[in-house]
Amino acid sequence: MDEIIRFEHVSYSYPTEVAAADKDGAASGSSEDRSVTPAPALNGVSLAVRRGETVALLGHNGSGKSTLVKMLNGMLTPDTGTVTVCGMDTGGDPLKIRQQVGLVFQNPDNQIVATVVDEDVAFALENLGVPPAEIRERVDAALRDVGMSEYKSHAPHRLSGGQKQRVAIAGVLAMNPTVLALDEPTAMLDPKGRVEVMETVRRLNAEKGVTVVMVTHHMNEAALFDRVVVMDKGAVALDGSPREVFRRAEELQALGLTVPQTVALAQALGLDAAPLTEEECADAIYHAYKGEPHC
Amino acid sequence: MLKDITLGQYFPGTTLIHRLDPRAKMVLLFAFITALLMANHPLTYGFVLLYLTVTVSVSRIKLSSLFRGLRPMLFIIVFTAVLNIFYTPGEPLVTFWVFKITAEGIERAAFMALRLIMLISATFLLTYTTSPLALSDALARLLSPLGKIRVPVHEFAMMMTIAMRFIPTIIEETDKIMNAQKARGADFETGNLFRRAKALIPLLVPLFVSAFRRADELAVAMECRCYHGGKGRTRMNQPHMAARDVWALTTSVALFAGVTVLGRLGWFLP
Ligand SMILES: Nc1ncnc2c1ncn2[C@@H]1O[C@H](COP(=O)(O)OP(=O)(O)OP(=O)(O)O)[C@@H](O)[C@H]1O
Ligand SMILES: [Mg+2]
């Protein structure tokens, strides 16, 4: 098995002001102080992701999704446990690890650095000291991969949200990362932009074999992934294929999540099925009422 | 309304002046200003004026745009000229009350005004024909030797780039917040200065909060893309001085130097 990402018993708490004050050695923290310490953001997470897999990360607000994503490229390192990416511990050389894991965030406006699209895509390579001619080539390739070649000399602020987010993806893609990690990349986009980004991500996975980890609140998007991981209180609550996970609608509801509309409909009709597309849904209903077996 | 604000006005174009290397243009501007300030003879002024006229006409920048740039400076120009008219000693032409106007004064005022106008026009010509990004980039490259004595040139250039990247975004956001506040009855346009300043507070507070959040997120995104300062950094667009840049630089600087020296030595015919 070709494992790209491995979390082993990872726990992490954000440093709190109380803890910082304690370190200063001022009036020693009483036990009351400790009781206010918030629950850890990650609490004993173990997780392995294979090369070329696409993983959707779900969970209600504050369940630790963003924290987990920031662990992938060493922006955060575990308090206890280890995170290994491509065989490297994420506590090692940050430049090497960040090249392997490209991180894309929610707000496309706040991750574009340059005033021209292709210069922004070149940013990471310039930082890595790649020779100019090679930068040019890789930037052109990255823009082609996200379908933004014709916009290469545009100003980023004139692009649509979906286009900006594709530029941001190209910006990390230029590093030729093994893993593409996206933290709610579609949250600020209109439906058209969401489709653009999802299609780009899926194509990158299919054509270039990029491993994808993506946080999302849209169940219909999650249904398109190979695997769904549901987080709760800093730990992995459910993990499996979309079909397996969405079948467990009651557990999901208890975790503050909904299921895709197609699943909700099938279950409202009392079917024991988790159809992920409209087609499947229609089939399941058809067969149920004809008394034939369904998926 | 706010969308009209731009940082230095740039008129894109493809003329020779537009295509010159921004560093060459900056050095040329510097040489031009030196020649202008050293000018002390009508013929030197004539030459400098001719040079500027030719450059402006090659750049196809409209004279009206150039004069628009001059307007805010009009007061300084007139003020300098008036001072020179009255305070230059010499044979008085007209005298009234405590004022006297001398022929030397008029001459000097005219030259002074001409000098200021040319200085400002030449500077505007640079900003009109060079994009702000190219300008800040060129400045950073020209100053890069200072990096050796620990002047943070790279940081300065990065700051300029980011500022220029975010100005349109923040202006858009300002417009949005203003409209939101107006919809709730905020009034930015009437009242005295104090009232208007006070009306700006509900605009500035969210704007600053959002700018800080943006800065935070941008810093994380930059770090994720392997940013670690200017050390070992390369650039995709390597500027190279083309033959035309070298030609423009050498001939112009030689002309300026020649004319200035001749003018100073008084070797022109009287
Ligand atoms: N910078 C921070 N400092 C302190 N605590 C933080 C910080 N960021 C997150 N937390 C806390 O860590 C926990 C997990 O946060 P995280 O951002 O990982 O959640 P999330 O699943 O991404 O939520 P969301 O869906 O809102 O993005 C939360 O309780 C949050 O309050
Ligand atoms: Mg989050």
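Rules behind the numbers
The residue numbering used here restarts from 1 in each chain and proceeds along that chain's sequence as written. Following the order in which they are written, the chains are lettered starting with A and the ligands numbered starting with 1. Under the rules for a predicted model, residues below a pLDDT of 70 receive no local features and side-chain atom pairs below 80 are neither given nor counted, while totals for whole chains, interfaces and linings still include all residues. Note that water and hydrogens are dropped before the side-chain values are worked out from all heavy atoms of the structure. Counting from the N terminus, the helices are DSSP H or I runs at least four residues long and the strands are E runs at least two residues long. Residue burial is assigned from relative accessible area. The probe radius is 1.4 Å, only protein chains are included, and a residue is buried under 20% of its type maximum, exposed over 50%, and partly exposed in between. A contact between two residues is defined here by any heavy atoms of the two lying within 4.5 Å. Under the convention used here, Asp and Glu are negative, Lys and Arg are positive, and both His and the chain ends fall outside the count. Taken as the charge location is NZ of Lys, CZ of Arg, CG of Asp or CD of Glu. A quick way to say it: buried area is the sum, across both parts, of accessible area lost when two parts are put together, with a 1.4 Å probe. Definition used for salt bridges: Asp or Glu carboxyl oxygen within 4 Å of a side-chain nitrogen of Lys or Arg. Distance and chemistry together define a polar contact, namely a pair of N or O atoms within 3.5 Å, with one atom able to donate a hydrogen and the other to accept it when in protein, and with adjacent residues in sequence counting only for side-chain atoms on both sides. Side-chain classes are defined by residue name, with Ala, Val, Leu, Ile, Met, Phe, Trp, Tyr, Cys and Pro counting as nonpolar, Asp, Glu, Lys and Arg as charged, and the others, Gly among them, as polar. Along the chain, pLDDT gives the predictor's confidence residue by residue, from 0 to 100. Here is the rule: rings of Phe, Tyr and Trp (six-membered ring for Trp) pair when centre to centre is within 6.5 Å. Planes less than 30 degrees apart are stacked, more than 60 are edge-to-face, and the remainder are tilted. Those domain boundaries reflect an automatic or database domain assignment. Nonpolar cores are built from buried Ala, Val, Leu, Ile, Met, Phe, Trp, Tyr and Cys residues. Side-chain atoms within 4.5 Å join them into one set. By convention in this text, a residue qualifies as near a molecule or strand provided that one of its non-hydrogen atoms is within 4 Å of it. Areas reported here follow the Shrake-Rupley algorithm with a probe of radius 1.4 Å; residue values treat only the protein chains shown as occluding. A pair of strands is labelled paired if DSSP reports no fewer than 2 bridges between them. Here the axes come from fitting lines to C-alpha atoms, over the contacting stretch only for helices, and the angles between their N-to-C directions go from 0 to 180 degrees.

Caption draft 1: Just the overall build of chain A, in detail. Helices and strands together make up the secondary structure of chain A, namely 13 helices and 10 strands. In terms of its C-alpha atoms, chain A occupies a principal-axis envelope of roughly 65 × 60 × 40 Å. Here chain A holds 295 residues, and the buried ones make up 50% of them. Considering only residue pairs separated by 6 or more positions, chain A has 67% of its internal contacts joining residues 24 or more positions apart. Separation of charge centres in chain A, based on 27 positive and 41 negative side chains, amounts to 3 Å.

Caption draft 2: Summary view of the environment of Ala274(A). All names here are of chain A. Note that Ala274 resides in the loop between helix H12 (261-268) and helix H13 (278-290). For the pair Ala274 and Arg247, spaced 27 residues apart in sequence, the C-alpha separation works out to 5.3 Å. Once you skip the residues sitting within four places of it in the chain, Ala274 turns out to touch Arg243, Phe246, Arg247, Val263 and Glu280.

Caption draft 3: The arrangement of the interface of chain A and chain B in detail. Taken residue by residue, the interface counts 39 residues in chain A and 30 residues in chain B. Summed over both sides, the interface between chain A and chain B buries roughly 3000 Å², with carbon and sulfur atoms accounting for 58% of that surface. Considering only the side of chain A, the residues that lose the most area to chain B are Asn110(A), Glu126(A) and Asn127(A), jointly responsible for 22% of the buried surface there. Inspection of the chain A/chain B interface yields five salt bridges. The salt bridge partner of Glu126(A) is Arg235(B), with a shortest N-O separation of 3.4 Å. Where chain A touches chain B, the interface holds 15 residue pairs in polar contact (both at pLDDT 80 or more). Elements represented by at least two residues in the side of chain A that touches chain B include exactly helix H4 (94-100), helix H5 (117-127), helix H6 (132-145) and helix H7 (161-173) of chain A. If one sorts the elements of the side of chain A that touches chain B by residue count, H5(A) sits on top with 10 residues. Here the side of chain A that touches chain B is composed, by residue class, of 21 nonpolar, 10 polar and eight charged.

Caption draft 4: Representation of the confidence of the model for chain A within the structure. All names here are of chain A. Confidence in the prediction for chain A averages 88 pLDDT; 91% of positions are at 70 or higher. Per-element confidence in chain A is highest for strand S8 (residues 211-215), whose mean pLDDT is 97, and lowest for helix H2 (residues 31-36), whose mean pLDDT is 50. In this model, residues 25-34 is a region of pLDDT below 50 whose contacts with residues beyond four sequence positions or in other chains number four contacts.

Caption draft 5: Focus on the packing of aromatic side chains. Residue and element names in this part refer to chain B. In total, this model carries 12 aromatic pairs over all chains according to the counting rule given. Geometrically, the ring pair formed by Tyr45 and Phe111 is stacked, given 4.5 Å between the ring centres and 25° between the ring planes. Within this pair, whereas Tyr45 is found in helix H3 (residues 42-59), its partner Phe111 is found in helix H6 (residues 103-129), the two being separated by 66 residues in sequence. Accessibility expressed as a relative area gives 6% for Tyr45, which makes it buried.

Caption draft 6: Structural detail: the domain arrangement of chain B. On domain assignment, one finds that chain B holds domain 1 (7-130 + 240-265) and domain 2 (152-224). Here the C-alpha centroids of domain 1 of chain B and domain 2 of chain B sit 37 Å apart.

Caption draft 7: Layout of the nonpolar core. Residues and elements named next belong to chain A. One finds Ile169, Val230 and Phe246 to be the most contacted residues of the largest nonpolar core, which totals 54 residues. Ranked by residues supplied to this core, first place goes to H7 with six residues. Residue contacts for Ile169: discarding those within four places in its chain leaves Val104, Val146, Leu180, Leu182, Val197, Val201 and Leu204.

Caption draft 8: Spotlight on the site of ligand 1. Residues and elements named next belong to chain A. In the vicinity of ligand 1, the residues found are Tyr14, Ala41, His60, Asn61, Gly62, Ser63, Gly64, Lys65, Ser66, Thr67, Glu184 and His217. His217 is positioned such that a nitrogen or oxygen atom in its side chain is 3.4 Å from an oxygen atom of ligand 1. Protein contacts shield 56% of the accessible area of ligand 1, which totals 630 Å² for the unbound molecule.

Caption draft 9: Seen up close, the environment of Asn220(A). Residues and elements named next belong to chain A. Secondary-structure assignment places Asn220 in helix H9 (residues 219-222). Along the chain, Asn220 and Val263 lie 43 residues apart, while their C-alpha atoms are 9.9 Å from each other. Not counting residues within four places of it along the chain, the set of residues in contact with Asn220 comprises Pro260 and Gln261.

Caption draft 10: Layout of unusual backbone geometry. Positive phi, close to 55°, is recorded for Asn176(A), a residue that is not glycine. Along the chain, Asn176(A) turns up in the loop between H7 and strand S7 (179-183). Classification of Asn176(A) as partly exposed rests on a relative accessible area of 49%. Positive phi is not limited to glycine here, since Arg150(B) has a value of about 65°. Mapped onto the elements of the fold, Arg150(B) is located in the loop between helix H7 (132-143) and helix H8 (153-183). Looking at Arg150(B), the relative accessible area reads 77%, which means it is exposed.

Caption draft 11: Region of the structure containing the sheet that holds S7(A). Residues and elements named next belong to chain A. The mixed open sheet is built from six strands, whose spatial order is S6-S7-S8-S3-S9-S10. A single partner strand is all that each edge strand has here, and the edge strands are strand S6 (101-104) and strand S10 (235-240). Shown here is a sheet whose adjacent strand axes are inclined to one another by a mean of 20°, direction ignored. Relative to strand S9 (residues 227-232), strand S3 (residues 54-58) runs parallel, the two being bridged by four bridges. Looking at S9, one finds that Leu58 is bridged to Val230. Across the sheet, helix H8 (residues 191-208) is in contact with S3, S7 and S8; its angle to S8 comes to roughly 155°.

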